[in-house]
Structures are given as C-alpha cells and as structure tokens.
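# Remarks on the overall topology
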Amino acid sequence: MIVLGIETSCDETAVGIVEDRLTLRSNVIASQIELHAPYGGVVPEVAARAHLEQLLPTIDHALVEAGVRLSDVDAIAVTHGPGLIGALLVGVSAAKGLALAHDLPLLGVNHLRAHVEVAQLEHGELEPPLAALVVSGGHTSIVAMDADGRFRQLGGTIDDAAGEAFDKIARFIGLGYPGGPEIDRLARDGDPTAFRFPRAMAGSGDYDVSLSGLKTAVIRELRRLEAAGIEPDLADVAASFQEAIVDVQVDKTLAAARDQALETLVMAGGVAANSRLREAMGDACERAGVRLLIPSIPLCTDNGAMVAASGANLLAAGTTASLDLAVDPSLPLAG
Ligand code: KG4
Ligand code: ZN
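## Section: the coordination of the zinc ion (ligand 2)
Coordination of the zinc ion (ligand 2) by the protein involves His111 (NE2), His115 (NE2) and Asp302 (OD), with metal-donor separations of 2.0 to 2.1 Å. Summarised as a motif, the one-chain spacing of the donors to the zinc ion (ligand 2) is H-x3-H-x186-D. Of the two residues, His111 is situated in helix H4 (residues 111–117) and Asp302 in the loop between helix H11 (297–300) and helix H12 (305–316); the sequence distance between them amounts to 191 residues.

## Describing the domain arrangement of the protein
Domain annotation of the protein identifies domain 1 (2–118 + 303–316) and domain 2 (128–295). The partner domain 2 presents 14 residues to the twelve residues of domain 1 that form the contact. For the pairing of domain 1 and domain 2, the buried interface totals around 1100 Å² over both sides, and the portion due to carbon and sulfur atoms is 72%. Among the residues of domain 1 in contact with domain 2, Arg113, His115 and Val116 are the three that bury the most area, contributing 45% of the side total. Linking domain 1 with domain 2 are zero salt bridges. Counting across the interface, domain 1 meets domain 2 through two residue pairs in polar contact (both at pLDDT 80 or more). With five residues, the top contributor of residues to the side of domain 1 that touches domain 2 is H4. Class assignment for the residues of the side of domain 1 that touches domain 2 results in six nonpolar, three polar and three charged.

## Describing the pairing of strand E1 (residues 2–7)
Of all six residues in E1, six are buried; the element is thus mostly enclosed. In E1, alternate side chains face the same way, and those of Ile2, Leu4 and Ile6 on one face and Val3, Gly5 and Glu7 on the other are all buried. Pairing of E1 with strand E2 (residues 12–19) involves six bridges; the strand directions are antiparallel. The partner of Glu7 across the bridge, within E2, is Ala14. Hairpin remark: E1 followed by E2, antiparallel, with four residues in the connecting loop. Sheet topology note: the E1/strand E4 (residues 75–81) ladder contains four bridges and is parallel. The residue bridging Gly5 from the neighbouring strand is Ala77, located in E4.

Criteria and cut-off values
Residues numbered from 1 in each chain as written. Chains lettered and ligands numbered in written order. Predicted model: local features only at pLDDT ≥ 70, side-chain atom pairs only at ≥ 80, totals over all residues. Heavy atoms only, no water. Donors = N, O, S within 2.8 Å, 3.2 Å for Na, K, Ca; no water. Helix = DSSP H or I, 4+ residues; strand = E, 2+ residues; numbered from the N terminus. Domains from an automatic or database assignment. Contact = heavy atoms within 4.5 Å. Buried area = accessible area lost by both parts, 1.4 Å probe. Salt bridge = Lys/Arg side-chain N within 4 Å of Asp/Glu carboxyl O. Polar contact = N/O pair within 3.5 Å; in protein donor to acceptor, adjacent residues only side chain to side chain. Nonpolar A, V, L, I, M, F, W, Y, C, P; charged D, E, K, R; others polar. Buried < 20%, exposed > 50% of the residue type's maximum accessible area, 1.4 Å probe, protein only. Pairing = 2+ DSSP bridges.

Spelled out as structure tokens, the structure:
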C-alpha cells in the first residue's frame, strides 16, 4: 500500500511517500524559510500563498523521487490540524482534489500525532504503551500512548512552547529565523554553566513546564549586562539558556515515564532536532533503562513523510475521512 502525505500546516510545503506503513519512499520539502526570514517569523498569508505555488511541483517531485506514478498511490493523507488555518486549507483542498480525481481514500492526519508516528519509519513498528515528548514551535507536550494507540496528556507547557522560546531568544540576541538551529550551533562554543538561568516548576510534582520566566530571565540578564557596560559572550548565553530548557524537558519527561511505568520514549517535533537535547535525553534514558527513539533530524522538523506514515496507520485501521474533512487549527494531540 502506497500513501502520499501532504503537509502544509506551517511554513514547510512538504510531501512524503510511504509504502506498507514502515518504508520511506520519498520525502521532499520546499522550505519557505527565506520568505519569512525578513519578518523574523512566519507570516500566515505569505505561508498560504507559497503553499499554493509550491504544492503541486512538490507532489510531482516526491512522486519522481519515489519512482511511482499517481496511479500507483493507494491513498492521500493530509495534515488537517493543528496549524495555520490558511496554510492548512491549501493542503486539505489539494488532497481532496487528488482523492476525488483519482478515486482514492482521503486520510485526515493530526500533525502532532504524525510527529510521533514518523518514528516507525526508522525504528520499526511502535509498540505502545510508551511515553512521547512532542516539542515543536507551537507545542510542548508529554503524553502517554496507551496500548490501544490513544494519546493521553500527562503534562506540557503552561505558557511558551520550547521552539517558541528558542525562536524568541534567538531573535533577541540577533540570530536569524528559525532560531532553534542557530542557538544550537552557537551554543556549541559556549559554556552551559556560565549563567544560571531558572528551571521553573522543577519541583512542582507534576509534568508541566513553564518557559516564559526563563525567557524573561535571559532578557533581564542581557539588559543588566548592557547597562553595566559589559559585553556578554553570546555563545555562553545560548549554551546556558539551552541547558535550562534541556534540563526541564529531560527531568519532567523521565519523571512521567517512570511514574507511568513506560519503558519506551519517543522524542519528536522540531526541537527534538536539538543536539544537546538529543544527547542529554539519551544519557538520562540510558541511566533510567528507558528505550529512546528519536527520528533523524530531517524527520523531526516538519515533513511529509510523517503525514504519510500516520496516514498509513489510519488506512490500516480503516479510519478514512470524507470529502467534507474540515481543517482544525487547534486540533489537540490527545482526546
Ligand atoms: O516541528 P516543527 O518543524 O514545526 C512545528 O510544528 O512547529 O518545529 C519548529 C521549531 C522551531 O521553533 C525551530 O526553532 C525549532 O523547532 N528547532 C530547533 C532546532 N531545529 C528546529 N530548536 C532547537 N534546536 C534545533 N536544532
Ligand atoms: Zn511540527
């Protein structure tokens, strides 16, 4: 069974093709980073327009790369939420058009679930129950995937998402957009112990995190140094800030996994591309005896393969969508 997956929820026009649920055939991304960079963030109207221009060529490209024709495809999967409404509508409309024209089943994919399920392409069939940390530009959630495949929210951010915190601090210290990869790079030359930024809610006894206080603490420290005429070492700032985010994610996720007796953890979403988070989560899971599955970096940030993989799971379960599939900008992960 060959599933073509379309992802247009934010600023990547992406198409992936997956065969028999577990085999990646192609994964093509037309990035819009250059279009949004001058604005320092994603401009929703610009994103929707760029999806409109890039989607059909990206579908063609993905078919060529997979060596299949549209007539070989068995189903069309598309992200229908969460995300930017105008951006989502472009992908969903195109998917409906393809499904209708080629008489194929339509699969409505949850973007957050897809971030987790993409792990099956590199690590094989996921075997719930397991824990998942989904860290992206818009979301920071710790969830359990129960034996029946349903997600259950265990905790998450009560304010900023991890990626949002990375992007905001990067902008504040004059790095480009998106900020996460820039901070990751800069932090490699910095000392993570140079500044002691707060680890909010460290002892709160639940699995929630708060990142807005950290962001404020970094900004306040930089302003204080500036007022004192001291030039901060930005690599040290980046490394210390990153370390604080990483500490909080690792501690809360492992506490959740331990308390829920979950022996496998999937770490997913754009921030799961962070080199320090990958390393620290790897060390902590090894100590705790938890099996850690992290997608390779191109499958962590938004991509079409994750939509195809998640869609293939829906197809296998017989959960197809009708042609009146609606977009849902705030579709939750659990529930
Ligand atoms: O999953 P994703 O591509 O899009 C959303 O669904 O939001 O995540 C994008 C986020 C951005 O905030 C970006 O700065 C962050 O992931 N990100 C990173 C890294 N690569 C991407 N954050 C930290 N370190 C990275 N290496
Ligand atoms: Zn995403």
